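Descriptive analysis of the structure
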Amino acid sequence: MASSKFPLLLSLFLLLHQPFSSKANLLKTKILKSTLFSQLFTTRHLNQTQPALYFEVTKPIKLPRTKPCSILILSHDFGFTYGKPPVLANYTPPSHCTAQQLSKIVLEFKATCKGTQFDRIFGIWLGGVELLRSCTAEPTESGIVWSVEKDITRYHSLIVKNKTQTLAVYLGNIVDNTYTGVYHVNVTIHFYPAEEKLSNHKNDLDNLASGFDSNADLILPISRNLPLNDGLWFEIKNSMDNQEKEFRIPQNVYRAVLEVYLSFHENDEFWYTNLPNEFISINELTDTQGNGPFREIVVSLDGEVVGAIWPFTVIYTGGINPLFWSPITGIGSFDLPSYDIEITPFLGNILDGEMHKFSFSITNALNVWFIDANLHLWLDTKSSKTQGKLLKHEVIPLHISLLSDFKGLDGKFLTNVSRSISATGWIKSSYGEFTTHWIQDFGYSNSVLLRKNENLQIISQMIHFHDSVYFRRHSSVAYSQSSHKVFPFHLSINVLDRGNGSYTSITNVTLGYYEEKAKSAGFDSFFSSLKNLQKGQVAITAENNFLVDASWSTQQIYKYHGTDLCYFRNISSSNNIVAYDKVRNTCKERTGSHLSSEFHGWLSSPGS
């Protein structure tokens, strides 16, 4: 093992999501040969006879006390579907569900699977608009079941549109003698009537805040068009690749937000562990992922940068080590986050009735990234044409600091990056004249430590992702919203060579998603704080490629406090069994944000 020529992370369960790369990645496995893979799949549920429930810990959707009207819109078995067209179904809004005023719309994806299978990325689109990006759970011989419930109320105008639209679900899967798992899927939409008639101030010229705070009137897909033998996402293959889509908006738009979906795969599935090219070149590592650990998604409008995304480190259900994610899956693995970019300041450039273009590129990308977007538009129903002008636009270049210190396969690498993007625009509509200020600020730090000829690898990363938007009219703020996200990540892999073909591998991972959100709409205000933190450890011992011992555990604390609801869950599992689970739905007095100290405690505690 001391002669390793590639990082240990890639030798541990690089179960990627594309069948054409799966074989190649299994051949790279140094620590766990193919025989150990099958042993581990069997080990996960030795005494299980009934399907196991897998789940992602998240807060419940706040629902009204009304009976939902539920419609099954797709039922399908996904077997050999890789490289085939998405499964399609005609969707027409059920009049008996949408006749009433709705306060909540929920999408439910429910699946079962039995056998052996990789984790597979999949997406659901309606009329080309993506509703959900998700990852399947990895099955066992005794079977698993899981479900995803997502609040899709923000797509209200699309879902109740009085026309037949195409629902598309792409889940690329292969079934053969080795990978036997078929995903049996049901997709349902639940329509919840409002408890009482909701007030609608969208046409109230004096209530600009309510207009901004409502759901969009029109959503345009910034995705690929059917027919396809793949998902509707664009595929970005390297750092020079640029994917784009033309669009045209109505001329009476007064607000626009671009919602971006993305996922990362193959050589960039673990982009945050990738090493500098200099280290790879000097050590002649021909099978190691490079370009360093920093990635940025850049969004441009007609060639001008309008926003950026520094993504959360979603770990799929087969990522790093699948034992971490049974039955508690990784943060965001069942419902990958989307990211909003405010386009309102730039409306003056695209209200001319002509075709315009969004494009996507990814800094330092290897391959492969799937990306698409939804353009949410708010329409001025009292005017056929709004006016606008971009007043100020500043894109501060990336400030990158790199420090490498290595000798042979041992070394330390530090990466720090920062940048900011801002824009100010003016809009005139029947609401009057208002000015939009849009700001993004980013901070990134990553350290990689390699010791013992790469048999000890430690990665620590922190991303700060802040954005805010303010709408001003007559020098006062009519509407504002802000979001401050922090994504901590820590991974350590330590392989102990015991001689005679025997070794022990210990892997620790800490994953966090923190966000504080604030919104002010006239006299109404909203605040929420989320702290979602996971820790896990897997220890395995093998002799001559046979597994002789394995133990694993995962702990998670989920704490949400908002003006809408409060939710707390403290849960842990050990060797697939939930050992502790405490849930609280009541609010306790907030003591303020303890972001720095809380994360420091998690990242520096024993076991990290």
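Residues numbered from 1 in each chain as written. Predicted model: local features only at pLDDT ≥ 70, side-chain atom pairs only at ≥ 80, totals over all residues. Heavy atoms only, no water.

As annotated in an unreviewed UniProt entry, the protein carries the name Peptide-N4-(N-acetyl-beta-glucosaminyl)asparagine amidase A and comes from Melia azedarach.

Broken down by element type, the protein carries eight helices and 28 strands. When the 608 residues of the protein are sorted by exposure, 57% land in the buried category. Residue pairs at least 24 apart in sequence account for 76% of intrachain contacts in the protein once pairs closer than 6 positions are excluded. Within the structure as shown, the protein displays about 24300 Å² of accessible surface, and the carbon and sulfur contribution to it stands at 50%. (Helix = DSSP H or I, 4+ residues; strand = E, 2+ residues; numbered from the N terminus. Buried < 20%, exposed > 50% of the residue type's maximum accessible area, 1.4 Å probe, protein only. Contact = heavy atoms within 4.5 Å. Areas by Shrake-Rupley, 256 points an atom, 1.4 Å probe, with all protein chains shown as cover.)

On to the environment of Gly 181. Within the secondary structure, Gly 181 sits in the loop between strand E8 (165-171) and strand E9 (183-193). Look at Gly 181 and you get buried, because its relative accessible area is 0%. Sequence-wise, Gly 181 and Phe 78 are 103 residues apart; in three dimensions their C-alpha atoms are separated by 9.1 Å. Beyond its immediate chain neighbours, meaning those up to four positions away, Gly 181 contacts Cys 113, Lys 114, Thr 116, Gln 117, Asn 173 and Val 175.

Relative to the assigned elements, Glu 130 resides in strand E6 (residues 129-135). A polar atom in the side chain of Glu 130 sits 2.7 Å from the side chain of Arg 133. Apart from the residues within four sequence positions on either side, Glu 130 is in contact with Gly 123, Ile 124, Trp 125, Tyr 155, Tyr 261, Asp 372 and Asn 374. (Polar contact = N/O pair within 3.5 Å; in protein donor to acceptor, adjacent residues only side chain to side chain.)

Here we come to the state of the cysteines. A complete count under the given rule lists two disulfides for this structure. Between the sulfur atoms of Cys 69 and its disulfide partner Cys 97 the distance amounts to 1.8 Å. The sign of the -55 degrees torsion about the S-S bond sets the Cys 69-Cys 97 disulfide as left-handed. Remark: Cys 97 occurs in helix H4 (residues 95-98) and Cys 69 occurs in strand E2 (residues 69-78); sequence separation between them is 28 residues. (Disulfide = S-S within 2.5 Å.)

Here the focus is the environment of Ser 447. Inspection of the secondary structure puts Ser 447 in strand E21 (residues 432-451). Each C-alpha atom of the pair Ser 447 and His 490 lies 9.6 Å from the other, and the pair is 43 residues apart in sequence. In this structure Ser 447 touches Phe 413, Leu 414, Ile 458, Ile 459 and Ser 460, once residues within four positions along its chain are discounted.

Take the sheet that holds E2 next. Judged by pairing direction, the sheet is mixed, and its five strands sit side by side in the order E1-E7-E4-E9-E2 without closing on themselves. Looking at which strands have only one partner, the edges of the open sheet turn out to be strand E1 (52-53) and E2. Relative to E9, E2 runs antiparallel, the two sharing nine bridges. Paired with Leu 74 across the bridge in E9 is Val 187. (Pairing = 2+ DSSP bridges.)

With that settled, consider the packing of aromatic side chains. Following the criterion strictly, the structure yields 38 aromatic pairs and no others. With a centroid separation of 6.2 Å and an interplanar angle of 45 degrees, the aromatic rings of Phe 109 and Trp 146 are classed as tilted. On the criterion of sequence distance, the pair formed by Phe 109 in strand E4 (residues 102-113) and Trp 146 in strand E7 (residues 144-151) is long-range, its members being 37 residues apart. We classify Phe 109 as buried; its relative accessible area is 0%. (Phe/Tyr/Trp six-rings, centres within 6.5 Å; stacked < 30°, edge-to-face > 60°.)

Counting 156 residues, the largest nonpolar core has Phe 109, Trp 146, Ile 249, Leu 258, Ile 343, Phe 360 and Leu 375 as the members making the most contacts within it. Considering each element in turn, this core owes the most residues, nine residues, to strand E13 (residues 253-264). Sequence-distant contacts of Ile 249, defined by excluding residues within four places in its chain, comprise Leu 220, Leu 347, Ile 350, Leu 351, Leu 375 and Leu 377. (Core = buried A, V, L, I, M, F, W, Y, C linked by side-chain atoms within 4.5 Å.)

This paragraph deals with unusual backbone geometry. Put simply, Ser 326 and Pro 327 share a cis peptide bond, and its omega is 5 degrees. Looking at the secondary structure, you find Pro 327 in the loop between strand E15 (304-309) and strand E16 (339-342). A cis amide bond links Asn 367 with the next residue in sequence, Val 368, at an omega value of -15 degrees. For Val 368, the position within the fold is in the loop between strand E17 (356-363) and strand E18 (369-379). For Ile 320, which is not a glycine, the phi torsion comes out positive at approximately 65 degrees. Positive phi, close to 55 degrees, is recorded for Lys 452, a residue that is not glycine.

Glancing now at the environment of Ala 209. Mapped onto the elements of the fold, Ala 209 is located in helix H6 (residues 208-213). For the pair Ala 209 and Gly 522, spaced 313 residues apart in sequence, the C-alpha to C-alpha distance is 5.5 Å. Aside from chain neighbours lying at most four places away, what touches Ala 209 is Ala 478, Tyr 479, Ala 521 and Gly 522.

With six of six residues buried, strand E5 (residues 121-126) is to be regarded as a mostly interior element. Alignment of E5 against E6, held across six bridges, turns out to be antiparallel. Residue Ile 121 lies in a different strand from E6, and its bridge partner there is Cys 135. Bridge count for E5 against E8 is five bridges, and the pairing is antiparallel. Of the residues in E8, the one forming a bridge with Gly 123 is Tyr 170.

Here we come to the sheet that holds strand E24 (residues 502-521). Across the sheet, which stays open at both edges, the 10 strands sit in the order E19-E20-E21-E22-E23-E24-E25-E26-E27-E28 with antiparallel pairing between neighbours. Only two strands of the sheet have a single neighbouring strand rather than two, namely strand E19 (387-407) and strand E28 (577-584). For this sheet, the mean inter-axis angle between neighbouring strands, taken without regard to orientation, is 5 degrees. Here 20 bridges tie E24 to strand E25 (residues 524-543), and the two strands are oriented antiparallel to one another. Looking across to E25, one finds that Gly 512 is bridged to Leu 533. (Axes fitted to C-alpha atoms, helices over the stretch in contact; angles between N-to-C directions.)

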